[in-house]
Amino acid sequence: MVRAEILRQAEARLRATKRDVAAMPVKDVQQLVHELQVHQIELEMQNEELRRTQVELEAARDSYVDLYDFSPAGHFTLDTRGTIVEANLRAGTLLGINRKELIGRPLAPFIAWDDQGTFRRHSQDALKTGTRQICEVQLRGETGAPRWIYFESLAVHDALGCITHWRTALLDITERKRAEEVMRESEQRFHTMADTAPVLIWMSGLDKVCTYFNQVWFTYTGRTKEQELGSGWADGVHPEDFDRCLKTYTEAFDRREPFQMEYRLRKADGQYGWLLDHGVPRFLPNGEFAGYIGSCIDLTEGKDLEDRLRKAVKEKESLLREVHHRVKNNLQMISSLLNLQAASIKDPQVVQLFRECQTRITSIALLHETLHRSNDLSCIRMSNYLHTLAGHVSRSYGVDPKAIMLDLLVEDLTLDTDTAMTCGMIVEELLSNALKHAFAVGKEGRIQIELQAQHAGAYLLQVSDDGVGISRDVGQRNPGSLGLELVNLLVEKLEGAIELQSGPGTAWRIAFHQLHYQERM
């Protein structure tokens, strides 16, 4: 075309001269030839550029064809009736048929029967609106294993704006659909388990507000999902528990730590029930924090039972305190009667026996008095008990504390009632015996009482003095001494062992274990 244009220009110049070339001056002819040569060179350069452009276009076309044919998505060009005009290789693979055999066939028959309506509306919308349309349908089983396909279609217009055909791209989304199905099944399984579990379950998001409650929660509170979601559930928390509940939750949430708390929540009947709430942080598979999930156990019946038991124990303790108080008063009354009776007796030995009986009775009364004042009625704190007992025995014998000194080395131990009473009676008898026999009249001395815990649950009780001492044979078995006979019997009750060390002074060493309490019917 360029060459023809140059020739036309040359002819025009010749006509403009209105004379033959032969008649032209040599100079003009030479100029004309030069111009024609220049135009010829330009024409050849343009032809070379056209050849390069054509090669590039052919290479681009080949690349486009490769991209089109080997694209991971299937591509169709269809006429307005839905007939396939053009298709790439992937499209044939997706439909399970050779690409050449697709040309001229309608696309709709390849769609599963249940999705025919969806695809028909998709096609109509693409041709009617001229805008991009999408849909998801299944292919028919004849194409192999059932496949889910994602369609994205767009109409093509001519120069006048009329739709002449339409193009669609296909993506195989079967794996995604299977994953979604597995996810739905997992979610349904979770909801089934959560709604049938005998606990209240909740979930919260990153903003700390609740996004899920199971059906058991709604049944418990008698409220709807809309009322409970977000922070609505907090309306049912008992006002006395609200601040503590909120503080525990927010502090654990900020630290991403599990928490456990008890609080009262209003039930469907308007009463408050006790819940034990245990929450743990949730994390996504990539480790990202996603919120919290919690489960609540109804403690109402347990709390009611606990209250009843606490009340029953309190009543029992009150009754036991009253029993101990009355026993102490009765023992004191018996002691007073013995004192009155002793006043009418002339024989000093008989009077002494009465006094010893009074001391024994009073030592038992002291134990009941200690229990009456104790916070724990099942055991006795031995330090307080033995100090009080030793002081009472010393005063009953009219001992001058400056002359006979009492030294108590008692560890801070607690023994059960039976063991403590037995130990107290042993101390009373040995202390009484020492006050009566260890020291001559007017003689000063020291009596030491020790109680220590040993290994393996054993205990060591020791009563010693720096008096005149006692024969081992007399001390161990003396038919004439009721006190020492009682000591041996009491040691046997403790299933313990007694040892006497004498001269100078006397030391009674008793090793024992606590008695095993036998429940009384």
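Residues numbered from 1 in each chain as written. Predicted model: local features only at pLDDT ≥ 70, side-chain atom pairs only at ≥ 80, totals over all residues. Heavy atoms only, no water.

(A) Fine view of the sheet that holds strand β16 (residues 497-502). On the basis of which strands lie adjacent, the open sheet formed by five strands has the order β12-β14-β15-β17-β16 and mixed pairing. With partners counted over all chains shown, the strands left at the sheet margins are β12 (404-410) and β16, one partner each. The mean inter-strand angle of the sheet, taken between neighbouring strand axes irrespective of direction, is 10°. The pairing of strand β14 (residues 445-453) with strand β15 (residues 458-465) spans seven bridges and is classified as antiparallel. Looking at the pairing, Gln-452 lines up with Leu-460 of β15. Strands β12, β14, β15 and β17 (506-513) of the sheet are contacted by helix α13 (residues 417-437), whose axis makes an angle of about 15° with β15. (Pairing = 2+ DSSP bridges. Helix = DSSP H or I, 4+ residues; strand = E, 2+ residues; numbered from the N terminus. Axes fitted to C-alpha atoms, helices over the stretch in contact; angles between N-to-C directions. Contact = heavy atoms within 4.5 Å.)

(B) Representation of helix α6 (residues 174-196) in the model. In this model α6 runs 33 Å from its N-terminal to its C-terminal C-alpha over 23 residues, within 8% of the 33 Å that 1.5 Å per residue would give. Among all positions of α6, only Thr-174, Lys-177 and Ala-194 are buried. Contacts from the buried residues of α6 go to β3 (133-138), β4 (148-157), β5 (163-172), β6 (200-204), β7 (210-213) and α7 (215-221). (Expected span 1.5 Å × (residues − 1). Buried < 20%, exposed > 50% of the residue type's maximum accessible area, 1.4 Å probe, protein only.)

(C) Up close: the sheet that holds β5. Reading across from one edge, β2-β1-β5-β4-β3 is the order of the five strands in this open sheet, with antiparallel pairing throughout. Each end of this open sheet is capped by a strand with a single partner; those strands are β2 (84-87) and β3. Ignoring strand direction, the axes of neighbouring strands in this sheet form an average angle of 25°. Along the sheet, helix α5 (residues 116-129) makes contact with β3, β4 and β5, crossing β3 at roughly 165°.

(D) How the structure looks around the side chain of His-122. Mapped onto the fold, His-122 is located in helix α5. Reaching out from His-122, the side chain makes a polar contact with the side chain of Ser-153 at a distance of 2.7 Å. Residues contacting His-122, with those up to four places away along its chain left out, are Gln-133, Ile-134, Cys-135, Phe-151 and Ser-153. (Polar contact = N/O pair within 3.5 Å; in protein donor to acceptor, adjacent residues only side chain to side chain.)

(E) Just the nonpolar core, in detail. Ranked by size, the top nonpolar core spans 40 residues in total, and within it Met-382, Leu-386, Ile-426, Leu-430, Leu-451 and Phe-512 carry the most contacts. Every element with two or more residues in this core is listed here: α12 (382-396), β12, α13, β14, β15, α15 (482-493) and β17. For this core, the element with the most residues is α13, which contributes eight residues. Beyond its immediate chain neighbours, meaning those up to four positions away, Leu-386 contacts Leu-408, Val-410, Val-427 and Leu-451. (Core = buried A, V, L, I, M, F, W, Y, C linked by side-chain atoms within 4.5 Å.)

(F) Looking closely at the pairing of strand β10 (residues 289-298). Summarising the sheet, β6 and β10 pair through five bridges and their orientation is antiparallel. The residue bridging Met-203 from the neighbouring strand is Ile-293, located in β10. Where strand β9 (residues 272-283) and β10 come together, nine bridges link them in antiparallel fashion. Bridge pairing links Pro-281 to Tyr-292 in β10. Hairpin connection, β9 to β10: the antiparallel pair is bridged by five residues, and Gly-287 has positive phi, about 90°.

(G) Expanded view of the packing of α12 against α13. Where α12 meets α13, the closest approach of the two axes is 10 Å, and the angle between their N-to-C directions is 35°. Once α12 is placed against α13, the crossing between them reads as right-handed. Facing α12, whose interface residues are Met-382, Tyr-385, Leu-386, Leu-389, Ala-390, Val-393 and Ser-394, α13 presents Ala-420, Cys-423, Gly-424, Val-427, Glu-428, Leu-431, Ser-432 and Leu-435. Considered class by class, the residues forming the contact of α12 with α13 number eleven nonpolar, three polar and one charged. (Left-handed = near helix turned anticlockwise from the far one by under 90°. Nonpolar A, V, L, I, M, F, W, Y, C, P; charged D, E, K, R; others polar.)

(H) Structural view of unusual backbone geometry. The phi torsion at Lys-208 lies on the positive side, around 75°, for a residue other than glycine. Residue placement: Lys-208 occurs in the loop between β6 and β7. Overall, the relative accessible area of 28% leaves Lys-208 in the partly exposed class. In this model, Glu-495 sits at a positive phi of 55°, which is unusual for a non-glycine residue. With respect to the secondary-structure elements, Glu-495 resides in the loop between α15 and β16. On the basis of relative accessibility, which here comes to 72%, the residue Glu-495 falls in the exposed class.

(I) Region of the structure containing the side chain of Glu-228. Inspection of the secondary structure puts Glu-228 in helix α8 (residues 225-228). Looking at Glu-228, the relative accessible area reads 1%, which means it is buried. A distance of 2.5 Å separates a polar atom in the side chain of Glu-228 from a polar atom in the side chain of Trp-217. In terms of polar contacts, Glu-228 uses its side chain to reach the side chain of Arg-223, at 2.3 Å. Ignoring sequence-local partners within four residues, the contact set of Glu-228 consists of Phe-213, Trp-217, Phe-218, Thr-221, Arg-223 and Trp-233.

(J) Highlighting the environment of Asp-114. You can see Asp-114 is positioned in the loop between α4 (99-102) and α5. Owing to a relative accessible area of 72%, Asp-114 belongs among the exposed residues under this scheme. Counting along the chain gives 23 residues from Asp-114 to Val-137, while the straight-line C-alpha distance between them is 8.8 Å.

(K) Quick look at a nonpolar patch on the surface. Where nonpolar side chains cluster on the molecular surface, the patch consists of Met-333, Leu-337 and Leu-340 and spans about 350 Å² of accessible area. Looking at the secondary structure, you find Leu-337 in helix α10 (residues 300-343). (Patch = residues over 30% accessible without salt bridge, like charges linked within 9 Å, V, L, I, M, F, W, Y side chains within 5 Å. Areas by Shrake-Rupley, 256 points an atom, 1.4 Å probe, with all protein chains shown as cover. Salt bridge = Lys/Arg side-chain N within 4 Å of Asp/Glu carboxyl O.)

Function-wise, these values are silent; they only describe arrangement.
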